[in-house]
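Secondary and tertiary structure notes
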Amino acid sequence: MAEYLRVIGDTLPGADMNAPLLELDDLRVEFKVRGHRIPAVRGASFTLEQGRTLAVVGESGSGKSVTSQAIMGILDTPPAKVTGGRVLLHGVDLLEQDEETRRSIRGNHIAIVFQDALSALNPLWSVGFQIGELFRVHRGTSRAEAKKKAIDLLDQVGIPDARNRVGNYPHQFSGGMRQRVMIAMALALDPEVLIADEPTTALDVTVQAQIMRLLKRIQEERDMGLILITHDLGVVADVADDVAVMYAGEVVERAGIRDTFKRPAHPYTKALLRAIPRVDSVGRELEVIRGLPPNPADLPSGCPFHPRCFAAEDRCAEEVPPWTEPAEHHGARCHFAEEVYVDER
Amino acid sequence: MGRYIIRRLLQALLTLGIVLFLLHYLMALSVQVRGNPALLFFGGERVPDPAMLEQIERLYGLDSPCYERTGDPCLVPFVERLQRLASGDLGTTLQGNRDVGDLLAVYIPNTLRLFIISTITVVTLAMLLGTWAARRRGSLVDHSVRATTILVDSIPVFLILLSYVYIISVPLTKWARGIWGTDSFMGQFFRPSYNPDYPWVTIIMPGIILGTVGLATLTRLVRASQLENLGADFVRTAKAKGLKERRITMVHVVRNSMIPIVTGVGYLFAFMLSGAVLTEGVMGIPGMGRMIFQAVQRQEINLVLVGLTVSAVVVVVVSLVVDLLYAVLDPRIRYD
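What you see as residue numbers is a count from 1 along each chain, following the sequence as written. Key to labels: chains lettered from A, ligands numbered from 1, both in the order written. Predicted model: local features are reported for residues with pLDDT of at least 70 only, side-chain atom pairs are reported and counted for 80 or more only, and whole-chain, interface and lining totals are derived from all residues.

The name given to chain B in an unreviewed UniProt entry is ABC transporter permease, with the source organism recorded as Glycomyces paridis. UniProt positions are given in the numbering used here, feature names are shortened, and annotations may be inferred rather than shown by experiment. Taken directly from UniProt, the Subcellular location (unreviewed entry) text for chain B runs: "Cell membrane". Listed in UniProt under the heading Sequence similarities (unreviewed entry), the comment for chain B reads: "Belongs to the binding-protein-dependent transport system permease family."

Structure representation (C-alpha cells):
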C-alpha cells in the first residue's frame, strides 16, 4: 500500500482534501471557426466523488468529449477556447493554473483513455516505451526500472505474458488488448481521476464487457473517481453510480443511476432509455428519437431539445428552462421536470 | 526483417541488371547507327590501315559482328563486359588511352563532396523551413516559405549558377582577398571556379546552390507530414500524458514524419545527378557529371557506359538504403 501513498499537495498546491474530488461548475467551451464562435459546451456542471463512477451520456456532438478534453487541458487552442466556468480538483481551479502545473497534473492526477487505441498509441514505439515514458518524464525513473513497472502494469490489466509483450508494438495487439494497454498507460502514475472517453465503442461486443469489467475492477481496487463517457446508456447500467446526461453542450439531467433508469426527469433521458433494445422488445419496432441532434452553430430558441421533444409546449420554444430538482440529488433542465419525473408526461 | 532485406536486395540487383542491359543496348544501337567509334583512336580523320583498325576493335571489344546489324542486342559483348566489370577491369579511353579506373578515382570524390554538401543543405533547410511553416500554418510565415521555395525551385539551376558567378562571386572574391589574402579560407570560399588545392572550400558554394534543386518539394513534404502528425491522435495522447511540448515534437512527431522525408531525400539524390552535370560544368569541377557529358560529346563509349553504370549503382544503392531506413523507422514494415 505504501507504494500508492503519496502527498497530493506536492503536485497540487492548495489542495483541500475535504472538497469534492472533481467538480465542474458551469464549464463553457467555444470553437472559433472562420470568425464565428460556436459554443460546444454551454455550461456543464457535475460533481465526481472519490470512489464513484459518473457516466456522462449523450449523442455525438453533445459536447461530452470536448468536456473531457477541457478537464484534461488538451483542447487544441485555437480553435477551441474555454470561455468560462471552473474545473475544481480537490477544490483547486485547474483553469487558473499555469501550463506547467497543468502539465504535471495530467497523468499524475487525471488520466484519460481514448476511444480508438490503435490511433491513440504511437505506431513507432513499443508499448513498454510508451507506458514507461510516464515514469521517466514525471518521476525521473531509469529506463530499466520504467520497463519493470510497465510489465507490472500490463500484468495488472490482464495482458498475458506481459514480460515478453512489453517490447511489442501497438499493431501486434488485438483491439481489446490495445485498449488494455491504453488503460495501463492511464493507470501508470496512479491518478485519482480516470476519464474513459467511449472506451469500448471501437470494440467487439464480447470484448466490450471485458473492458468494462476491467475498468470497474480497477476503479474499486484503487478507489479512483471514474468518468465514463458514452453514447450508450445500456453499457453503463451496471458500472456507473451517477449519470449526467448531456444535450447540445449542457448537462440536462443529473441523478443516481437507479433514479435515472427508473424515474428520468428529462424527456430526452426518457427517450434515450426507450431507445435501448431490450429482451421484451423483441418483435416490436425499436423506438428512436425523431429528428437530428441540433447544429451547435444554430441552436433552437428556448430549450434546445424542444423540436424533438414529445412533451414540448409553446413556452419551450421561448423560455430557456431553469434547473429544477424534482427530488433530492436529482435535477433536470426542463420546464416539466416534475411532471416527467412522476411519469405524468 | 531478414526476409525483407533479402527481398529488397534481390529487387535492387534485378533493377541494376535491367538498367545495365538497357545502357548496353542503347550504346550498341548508337554504334550500329552512328558508326564505328574505334576510328576515334586514329584521330577520326584519316582512314586507318584495316589490320590496325581490326586490332583496335578487338582491344575495345568492338569487333563483334553484331555491331554491323542494326537492332541486334549484342548479348555476347554484354556478357563479356559484365565479366570485365566484375573482375575490376574498367577499360581505357579511346582518346589518350587512359585508364578509366584512374579517372574515376579523381572524379568520384569531387562529385561525392558536392553531393554531401548539397544533401546537407537541402535537408537542413527543408527541415527547418518545413517545421517552421507547419507550426505557423496559415500565417504569413507559412505563405512566405511556400512562395520563396517555389520561386527558388522554378529558376533553372544554371541561371542561379551563372548569376552567382558573375554577380556575386567575382566581386566578393576580390573583396575577401583584399582583406584576408588569396590563400585564406574566405579568399577561396567565393571563388567562381573549382580549385584542386582547396577541394572542400571551393565546393561549398556550388554544393549549396545545387542543394536548392528540389528544395520546395522537400520543404512541402516536411510541412505536410509534420502537420499530419501534429494533428494525430497519438499526439493528443502524448499531451494527455503530461509530456513537455519539446518531447512531444522530438519523440512523437519528428520520427513519425521522417518516413515520407526519407523517401523524398532518396529521390532528390537521384534528381541531383542531373543537376550535377550543370553545376560541375559551370563551376569547372572535374566530377562525374562533367565527365559523362564530355564523354558523350566525344563518343567515348566505354567512359559513358562506366560513368552511367556508376550513377545507376548509386541510385539503386540509395533506394536500397531508403528501404532499409523505412524498416529501421517503422516496426510495421519490420515485422510484416
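Elements are defined by DSSP. Helices are runs of H or I of four residues or more, strands are runs of E of two residues or more, and each kind is numbered from the N terminus. From N to C terminus, chain A includes 13 helices and twelve strands. For the C-alpha atoms alone, the extent of chain A along its principal axes is close to 65 × 50 × 45 Å. Working definition of burial: number of other C-beta atoms within 10 Å of the residue's own, with buried at 20 or more, exposed at 12 or fewer, and partly exposed in between, all C-beta atoms being placed from the backbone. In chain A, buried positions account for 46% of the 345 residues. For chain A, the proportion of contacts with a sequence separation of at least 24, taken over those separated by at least 6, is 65%. The contact rule is simple: place each C-beta atom from the backbone, and if two of them lie within 7 Å, those residues are in contact.

Looking now at unusual backbone geometry. All names here are of chain A. In this structure, Asp-223 is a non-glycine residue whose phi angle is positive, near 55 degrees. Inspection of the secondary structure puts Asp-223 in the loop between helix 9 (205-222) and strand 8 (225-230). With a phi close to 50 degrees, Ala-248 is a non-glycine residue in the positive phi region. The residue Ala-248 is located in the loop between strand 9 (242-247) and strand 10 (250-256) in this model. Looking at Ala-248, the number of C-beta atoms within 10 Å reads 24, which means it is buried.

Quick look at the interface of chain A and chain B now. The partner chain B presents 20 residues to the 23 residues of chain A that form the contact. Listed by contribution, the elements that provide at least two residues to the side of chain A that touches chain B are helix 3 (99-105), helix 4 (117-120) and helix 5 (127-139) of chain A. Among the elements that line the side of chain A that touches chain B, the one with the most residues is helix 5 of chain A, at four residues.

On to helix 2 (residues 64-72) of chain A. Of all nine residues in helix 2 of chain A, nine are buried; the element is thus mostly enclosed. Of all the positions in helix 2 of chain A, only A:Lys64, A:Ser65, A:Val66, A:Thr67, A:Ser68, A:Gln69, A:Ala70, A:Ile71 and A:Met72 are classed as buried.

Another point: the UniProt feature "domain: ABC transmembrane type-1" (unreviewed entry) in chain B. When the UniProt feature table is mapped onto this chain, "domain: ABC transmembrane type-1" (unreviewed entry) is found at residues 108-326 of chain B. The span residues 108-326 of chain B carries 83% helix and 0% strand; its end-to-end C-alpha distance comes to 28 Å.

Residues and elements named next belong to chain A. By this rule, a helix spans an expected 1.5 Å times one less than how many residues it contains. Spanning 13 residues, helix 5 covers 18 Å between terminal C-alpha atoms, matching the ideal 18 Å at 1.5 Å per step. At Glu-133, helix 5 shows its maximal kink, close to 25 degrees. Every buried residue of helix 5 is listed here: Val-127, Gly-128, Gln-130, Ile-131, Gly-132, Glu-133, Leu-134, Phe-135 and Val-137. Once helix 5 ends, the next one or two residues include Gly-140, with phi positive near 65 degrees. Two axes enter the bend calculation: one fitted to the seven residues ending at the residue in question, the other to the seven starting there, and the bend is the angle between them.

Turning our attention to the sheet that holds strand 2 (residues 36-48) of chain A. All names here are of chain A. In spatial order, the strands read 2-1-4-5; together these four strands make up an open sheet with antiparallel pairing. The open sheet has two free edges, formed respectively by strand 2 and strand 5 (92-93), since each of these has just one partner strand. Pairing of strand 1 (residues 22-33) with strand 2, which is carried by ten bridges, proceeds in the antiparallel orientation. The residue of strand 2 that forms the bridge with Arg-28 is Arg-42. Criterion used throughout: strands pair if DSSP finds at least two bridges between them.

Residue and element names in this part refer to chain B. Mapped onto this structure's residue numbering, the UniProt feature "transmembrane region" (unreviewed entry) falls at residues 112-133, 145-167, 198-218, 265-285 and 305-329. With 91% helix and 0% strand, residues 145-167 has its two end C-alpha atoms placed 25 Å apart. Within residues 305-329, the helical portion is 100% and the strand portion 0%, while the C-alpha atoms at the span's ends are 36 Å from each other.

We now examine the domain arrangement of chain B. The figure often quoted for interface size is the accessible area lost as the parts come together. All names here are of chain B. Domain limits in this description derive from either an automatic procedure or a database domain assignment. Each domain of chain B was delimited in the assignment, giving domain 1 (2-86) and domain 2 (100-329). Domain 1 and domain 2 are separated by 33 Å when their C-alpha centres are compared. Listed per partner, the contact involves 14 residues of domain 1 and 13 residues of domain 2. A breakdown of the residues in the side of domain 1 that touches domain 2 according to their chemical character gives twelve nonpolar, one polar and one charged. Three categories are distinguished: nonpolar for Ala, Val, Leu, Ile, Met, Phe, Trp, Tyr, Cys and Pro, charged for Asp, Glu, Lys and Arg, and polar for the others, with Gly belonging to the last.

The next thing to look at is the sheet that holds strand 3 (residues 53-57) of chain A. All names here are of chain A. Read from one edge of the open sheet, eight strands run 6-7-8-3-9-10-12-11, paired in mixed fashion. Whereas interior strands pair on both sides, the edge strands pair on one side only; in this sheet they are strand 6 (110-113) and strand 11 (323-327). Between one strand axis and the next, the sheet turns by 20 degrees as a mean value, whatever way the strands run. For strand 10 and strand 12 (residues 330-333), the ladder comprises two bridges, and the chain directions are antiparallel. Only the stretch in contact is used when fitting a helix axis, every axis being a line fitted to C-alpha atoms; angles between N-to-C directions are given from 0 to 180 degrees.

All names here are of chain A. Tracing the backbone through its elements, the reader meets Glu-221 in helix 9. On the basis of neighbour counts, which here come to 11 C-beta atoms within 10 Å, the residue Glu-221 falls in the exposed class. A sequence separation of 170 residues divides Glu-221 from Gly-51, and the C-alpha atoms of the two residues are 9.2 Å apart.

Before going further, it helps to examine the pairing of strand 1 of chain A. All names here are of chain A. Between strand 1 and strand 2, which follow one another and run antiparallel, lie two residues, and Arg-34 among them has a positive phi close to 45 degrees. Of the strand pairs in this sheet, strand 1 and strand 4 (residues 80-89) are connected by eight bridges, and their pairing is antiparallel. The partner of Asp-25 across the bridge, within strand 4, is Arg-86.

Moving on, we get to the packing of helix 4 (residues 100-135) of chain B against helix 5 (residues 140-154) of chain B. All names here are of chain B. At their nearest, the axes of helix 4 and helix 5 sit 8 Å apart, and the two run at 145 degrees to each other. In this structure, helix 4 meets helix 5 at a crossing whose hand is left-handed. Residues Leu-129, Trp-132 and Ala-133 of helix 4 lie in contact with helix 5, whose contacting residues are Val-141, Asp-142, Val-145, Arg-146 and Thr-149. Class assignment for the residues of the contact of helix 4 with helix 5 results in five nonpolar, one polar and two charged. Take the far helix as the reference: if the near one is turned anticlockwise from it by less than a right angle, the crossing is left-handed, and if turned clockwise, right-handed.

What follows concerns the confidence of the model for chain B. With 99% of its residues at a pLDDT of at least 70, chain B reaches an overall mean of 86. Each residue gets a pLDDT score, which is the predictor's confidence in that residue and runs from 0 to 100. Mean pLDDT across the elements of chain B ranges from a minimum in helix 2 (residues 50-59) of chain B, with 78, to a maximum in helix 10 (residues 233-240) of chain B, with 92.

Note that A:His171 resides in the loop between helix 7 (162-165) and helix 8 (175-187). Residue classification places A:His171 among the partly exposed positions, given that 14 C-beta atoms sit within 10 Å. Spatially, the C-alpha atoms of A:His171 and A:Trp323 are 47 Å apart, while their sequence positions differ by 152 residues. Setting aside residues up to four positions removed in sequence, A:His171 forms contacts with A:Pro123 and B:Arg332.

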